[in-house]
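Each chain is listed here by its residues.
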Amino acid sequence: MVNIGNDVSVAAAHLRAGELVAIPTETVYGLAANALDEAAVVRIFMAKNRPQFNPLIIHVANTYQLEKLGLFLPDKAMALAAHFCPGPISFVIPSSEMIPGIVTAGTPAVAVRIPNHPLTLSLLQQLDFPLAAPSANPSGYVSATTAMHVAEQLGDKVGYILDGGECRVGVESTIISFMESEPRLLRFGGVSLEAIEAIIGKIALPEEGYVDNPISPGMLAKHYATKHKLLWGNPKEILSAHLDTAFEKIASITFKESLDLIPATNQFILSPSGSLEEAASRLFGAMRMADSMNIELIIAESFPEKGLGRAINDRLKRASTI
């Protein structure tokens, strides 16, 4: 039986016992364990079937908890933290000897963030250790944005699911590395590039392509994938190239307009009003719903390359069938 509730003290007890707890954040649900307990962290990788070369993000309640771990944000990261933390932004900084190598995948860097959810912040304040917490879903699949998403796929592997309702942002955190002479964006996410550059000026963008030995989560080429084939781009062009597929066997994910020919029940319009924030919050839910249907193909629209549209496109591109 899946153990779901909103009792922070129960979640804390499971974590102190070395068990896994699913936690709500403003971005997606995380699969959390004591970041300083190697055996507990191993359980994360086993539950998700996650490759151990893919590092984890450490979650803390505030920057003071980081300093207790021997971790320090450089000046530009502190400037961003002052504006966006708690919030959907992660910083890759030099690690310390207190952080187990399994968390960092043996790299000299560690990703850290302060999540913006009242239950999880309360939980972190009760604990005397940070939480390592990747997204609470099988590795490579669509991230979970509700407690039930977690229960459906990882329920028997989690000691407790802390139910904090539906995630407000709906896509993972923006990740910025401070391991080079200048900051570099590693993953588009819940804080837009425009908002970041308004605080610290121009930053380097992600390098072309993805890597097999990342210093941060969210850098693998194949991720967020649905079980059904997903094609991303111009929906009308994709449709015209797949006229041999019955329209009732196609589902679509679009920004604000419907598509001709595809049944209305198979269409997921993320924001009829044209809000990229609303579209991002509904993206993973729509992908999961489409994937649960009796279809053969999911068509996903390319979103405007601005604001959270970049994060949406990043997720859809990596979910797409190549």
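Look a little higher up for the structure.
Keep in mind that what you see is a predicted model, and the values were worked out from it rather than measured.

(A) Main features of the sheet that holds strand S7 (residues 131-132). Spatially, 10 strands are ordered S1-S8-S2-S3-S7-S4-S6-S5-S9-S10 in an open sheet, and the strand pairing comes out mixed. In the strand order of this sheet, the two ends are held by strand S1 (4-5) and strand S10 (184-187), each with one partner.

(B) Unusual backbone geometry, seen in detail. Note the cis peptide between Cys85 and Pro86, where omega equals 0°. For Pro86, the location among the structural elements is in the loop between helix H4 (75-84) and strand S5 (89-94). For Ala105, which is not glycine, the phi torsion reads 55° and is therefore positive. Among the residues examined, Ala105 registers a relative accessible area of 25% and is labelled partly exposed.

(C) Representation of the sheet that holds strand S14 (residues 297-301) within the structure. Here four strands make up an open sheet; going across it, the order is S11-S14-S12-S13 and the pairing parallel. The sheet is open, and its two edges are formed by strand S11 (229-233) and strand S13 (267-269), each paired on a single side. Neighbour-to-neighbour, the strand axes of the sheet open up by a mean angle of 15°, direction not taken into account. The sheet contact formed by S11 and S14 spans five bridges and is parallel. Along S14, the bridge assignment pairs Trp232 with Ala300. Along the sheet, helix H11 (residues 309-319) makes contact with S11 and S14, crossing S11 at roughly 135°.

(D) Spotlight on the nonpolar core. Counting 81 residues, the largest nonpolar core has Leu80, Ile89, Phe91, Val112, Leu283 and Met287 as the members making the most contacts within it. For this core, the leading source of residues is helix H10 (residues 276-291), giving eight residues. Ignoring anything within four residues of it in the chain, the contact list for Ile89 reads Leu80, Phe84, Val112, Arg113, Ser173, Thr174, Ile176, Val191 and Ile196.

Parameters and conventions
Residues numbered from 1 in each chain as written. Predicted model: local features only at pLDDT ≥ 70, side-chain atom pairs only at ≥ 80, totals over all residues. Heavy atoms only, no water. Pairing = 2+ DSSP bridges. Helix = DSSP H or I, 4+ residues; strand = E, 2+ residues; numbered from the N terminus. Buried < 20%, exposed > 50% of the residue type's maximum accessible area, 1.4 Å probe, protein only. Axes fitted to C-alpha atoms, helices over the stretch in contact; angles between N-to-C directions. Contact = heavy atoms within 4.5 Å. Core = buried A, V, L, I, M, F, W, Y, C linked by side-chain atoms within 4.5 Å.

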